[in-house]
Amino acid sequence: MKYVSTRGNFHHIESAEAIKLGMVPSGGLFVPAEIPVISRDELKAMTGMGYREIARKVLELFLTDYSPGEINDCIDRAYNGTNFDHPDMAPLHKLSDSSYVLELWHGPTAAFKDMALQILPHFLSKAIKKVGTVNETVILVATSGDTGKAALEGFKNIPGIKIIVFYPHNGVSKVQELQMTTTDGDNTYVVAVRGNFDDCQNAVKKIFGDDSFNELLSNRGYELSSANSINWGRLLPQIVYYFWAYLELVGKRAVTPGDKINFVVPTGNFGNILAGYYAYRMGLPVNKLVCASNENRVLTDFFDTGLYDRNREFIGTNSPSMDILISSNLERFLFEITGHDGGKISEWLGQLASHGKFEVNPETLRRIGGILVAGFADEAKTLETIRQVHQKYGYTVDTHTAVGLRVYFDYAAKTGDNTVTVVDSTASPFKFNKAVLEAIEGSSAVVGKDEFEILQDLSRVSGNEIHPGLRGLDTKPVRHSMIADKAGIKKAVEEILGLA
Ligand SMILES: *Cc1c(COP(=O)(O)O)cnc(C)c1O
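What comes next is a walk through the structure.

What counts, and where the lines are drawn
Residues numbered from 1 in each chain as written. Predicted model: local features only at pLDDT ≥ 70, side-chain atom pairs only at ≥ 80, totals over all residues. Heavy atoms only, no water. Helix = DSSP H or I, 4+ residues; strand = E, 2+ residues; numbered from the N terminus. Rg over C-alpha atoms; globule rule 2.2 N^0.38 Å. Buried < 20%, exposed > 50% of the residue type's maximum accessible area, 1.4 Å probe, protein only. Contact = heavy atoms within 4.5 Å. Areas by Shrake-Rupley, 256 points an atom, 1.4 Å probe, with all protein chains shown as cover. Pairing = 2+ DSSP bridges. Axes fitted to C-alpha atoms, helices over the stretch in contact; angles between N-to-C directions. Salt bridge = Lys/Arg side-chain N within 4 Å of Asp/Glu carboxyl O.

So, the overall build of the protein
Then, in step 1: When helices and strands are counted, the protein shows 21 helices and 15 strands.
Then, in step 2: Relative to the 2.2 N^0.38 estimate, which gives 23 Å for 500 residues, the radius of gyration of the protein is 21 Å and therefore close to what a compact globule would have.
Then, in step 3: Principal-axis analysis of the C-alpha atoms places the extent of the protein at approximately 60 × 55 × 45 Å.
Then, in step 4: Burial statistics for the protein: of 500 residues in total, 61% are counted as buried.
Then, in step 5: In the protein, once contacts between residues fewer than 6 apart in sequence are set aside, the share between residues at least 24 apart is 76%.
Then, in step 6: In the structure as shown, the protein presents an accessible area of about 18,200 Å², 47% of it carried by carbon and sulfur atoms.

Below you can see the structure in the form of structure tokens.
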């Protein structure tokens, strides 16, 4: 399997090199040259397989330059009972006969990012050996809150790799911040940035594209790579759980093999839903992918009108991991939807960079509408949904999942679509405990309490134990306290690596 650039500006490479590079040095993202297909018969034969077996089936189709032993080793190190607190890794919770919630937060950091970031470091350390490099790899990560900790956990103490995480100062929850700033490991660095997630992401992308800086790094024995969902190795493991969820439904006889289902995905950078799209292109029977946004509804507007316009106010919401105005992986989706038209993608992304907007042609919009629908939920509706779902189903969800559920309920009411639907649950309710408890019990339940008291209260109200990744955060020492201006991100990298 070869990998190509979405902007047609790079030669074809193997997966190990694509994973090691992270993104195309001159701009653009790596995607597989062709999408492998799992036939209906093969899919049916996979019924009853465990998560790890399904992972093996999917990964081997894309990582053709990794040996079966290497792929198995990556799976063993990632999806096991030490890292995940549920034997299914991603259990499917039934809400009603036609709606299910896929719990993607049983990994070490309580958000779905673990599904990919527990395995990416192993893909990468094998890739480094395969490609052969003498330099130390430096992973730069921009995070809206959850990727940072998941990447730190995945990469800490992995030999030959340093990891530097940038997060928006005052733009993440207290728990998210403490998760990151208390990380141990002798190769981990965390920097708070006075700016928002887009500022962090843009600065990191700019560093990747900065030729003279990369040359300086190389002279000093360093090489950059990415753990953001711009890295193909981040996206690929996410395809697995779309197959897993479908096969679970078949196993529970909720659908018969071949029946189409819907997936609803709380979306920010468009990585998770893109993995669902690849699963669909691989032959998974999907009716609709529902893209759910919060008040930062740039994607909803784009899918409604064909105009992507980031020139709007950035809104800080209580689903902060979706507070994003530039969804990086949309580039990959558009590349696939246009039949690999790298010229068009370069043109559109160029306009986005220079004018903050671009508009796709009606034909492209029509094709998108064949598989994808979009909606958004505002703050009030998100909180109302947490309360309603708790009352009606006795089930507690976090704010991001609530955005997904609300958009799904609205979609089903509007269209009458009663196709069996899986809603991706992207974070444990404990991770966004304050908003969740307030939604269920009212604001008096949280006033004057710190997050750790709220965690206890939420445990009582939800009837669930506090997620293991969030216990004891209040007593761990803070090990990272660096703060930088958004214009000072490159300088922070220089300082950390001792280049200045
Ligand atoms: C990252 C994240 C999202 C958004 O996922 P994308 O792949 O960026 O679209 C949604 N919810 C939570 C909890 C997240 O951490």
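Details of the sheet that holds strand β15 (residues 482-485)
Then, in step 1: In spatial order, the strands read β8-β5-β6-β7-β15; together these 5 strands make up an open sheet with parallel pairing. The open sheet is flanked by β8 (222-226) and β15, the only strands paired with a single partner. Neighbour-to-neighbour, the strand axes of the sheet open up by a mean angle of 30°, direction not taken into account.
Then, in step 2: The pairing of strand β7 (residues 188-194) with β15 spans 4 bridges and is classified as parallel. Among the inter-strand pairings, Val-193 is bridged to a residue of β15, identified as Ala-484.
Then, in step 3: The sheet strands contacting helix α9 (residues 197-208) are β5 (136-142), β6 (161-168), β7 and β8, and the helix crosses β5 at an angle near 150°.

Quick word on the sheet that holds strand β4 (residues 99-103)
Then, in step 1: Strand order in the open sheet made by the 6 strands is β3-β4-β14-β9-β10-β13, with mixed pairing throughout. Either end of the sheet is taken by a strand with one partner, and the two such strands are β3 (92-96) and β13 (372-376). Shown here is a sheet whose adjacent strand axes are inclined to one another by a mean of 25°, direction ignored.

Structural notes on the pattern of salt bridges
Then, in step 1: Within this structure, the stated rule accounts for 27 salt bridges.
Then, in step 2: Note that Lys-20 is salt-bridged to Glu-223, the shortest N-O span being 2.7 Å. Taken as a pair, Lys-20 in helix α1 (residues 15-21) and Glu-223 in strand β8 lie far apart in primary sequence, 203 residues in all.
Then, in step 3: A residue is classified by how much of its surface remains accessible, and Lys-20, at 10% relative accessible area, is buried.
Then, in step 4: Residue Lys-486 is joined to Asp-199 by a salt bridge in which the shortest nitrogen-to-oxygen separation is 3.7 Å. With Lys-486 in the loop between β15 and α21 (489-497) and Asp-199 in helix α9, this pair connects stretches of sequence that are 287 residues apart.
Then, in step 5: For Lys-486, a relative accessible area of 47% translates into the label partly exposed.

Everything listed is a geometric property; what it means functionally is a separate question.
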